[in-house]
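# An overview of the molecular structure
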Amino acid sequence: MPKDYPRSDRLASQIHRELSLLIRHALKDPRLAQPSILDVQVSRDLSSAKVYFSVLNEEDSTNTQQALNHAAGFLQRELGKSIKARITPRLSFIFDDTDIRGRTMDE
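No experiment lies behind these values; they were computed from the predicted model shown.

Applying the stated criterion across every chain yields a total of three salt bridges. A salt bridge links R31 to D29; the shortest N-O distance between them is 3.0 Å. Overall, D29 belongs to the partly exposed group, its relative accessible area being 23%. The partner of R77 in a salt bridge is E78, and the shortest N-O contact between them spans 3.7 Å. On the basis of relative accessible area, R77 is assigned to the partly exposed category, the value being 48%. Residues joined in a network through salt bridges with shared partners are R77, E78 and K81.

For strand β1 (residues 36-42) and strand β2 (residues 48-54), the ladder comprises six bridges, and the chain directions are antiparallel. Across the sheet, the residue bridging to Q41 is K50, located in β2. Hairpin connection from β1 to β2: five residues lie between these consecutive antiparallel strands, with L46 at a positive phi of about 65 degrees. Sheet topology places β2 next to strand β3 (residues 90-95); six bridges connect them, and they run parallel. Considered in β3, the bridge of V51 is made with F93.

As a further point, take the confidence of the model for the protein chain. Residues with a pLDDT of 70 or more make up 97% of the protein chain, whose mean pLDDT is 88. Summarising per-element confidence for the protein chain, the mean pLDDT is lowest in helix α4 (residues 98-106) (76) and highest in β3 (95).

Reading guide: rules and limits
- Residues numbered from 1 in each chain as written.
- Predicted model: local features only at pLDDT ≥ 70, side-chain atom pairs only at ≥ 80, totals over all residues.
- Heavy atoms only, no water.
- Salt bridge = Lys/Arg side-chain N within 4 Å of Asp/Glu carboxyl O.
- Buried < 20%, exposed > 50% of the residue type's maximum accessible area, 1.4 Å probe, protein only.
- Pairing = 2+ DSSP bridges.
- Helix = DSSP H or I, 4+ residues; strand = E, 2+ residues; numbered from the N terminus.
- pLDDT = per-residue confidence, 0-100.

This is how it looks when you write it as structure tokens:
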């Protein structure tokens, strides 16, 4: 009987929490524009995770994405220390502009 809440979803929510704290406190890259982690999707085999983020100004998105992808190895190592999982997923950061498009539609 399959579980109602699969392991990949549980791991994604834990990565979401820990990654938000790590980005806020451990990264000192000047290219970062205080990204907000919107969603984390972990593959079924737990080998990779897509991290969707947003920033307040769309102009800062490319620099922030470059900084996050550059720090992905460091973040993955720190996640491995804190989440106590056998496999730490490889992180890839994707800019999500749905909230920016929503604000422009409201205006």
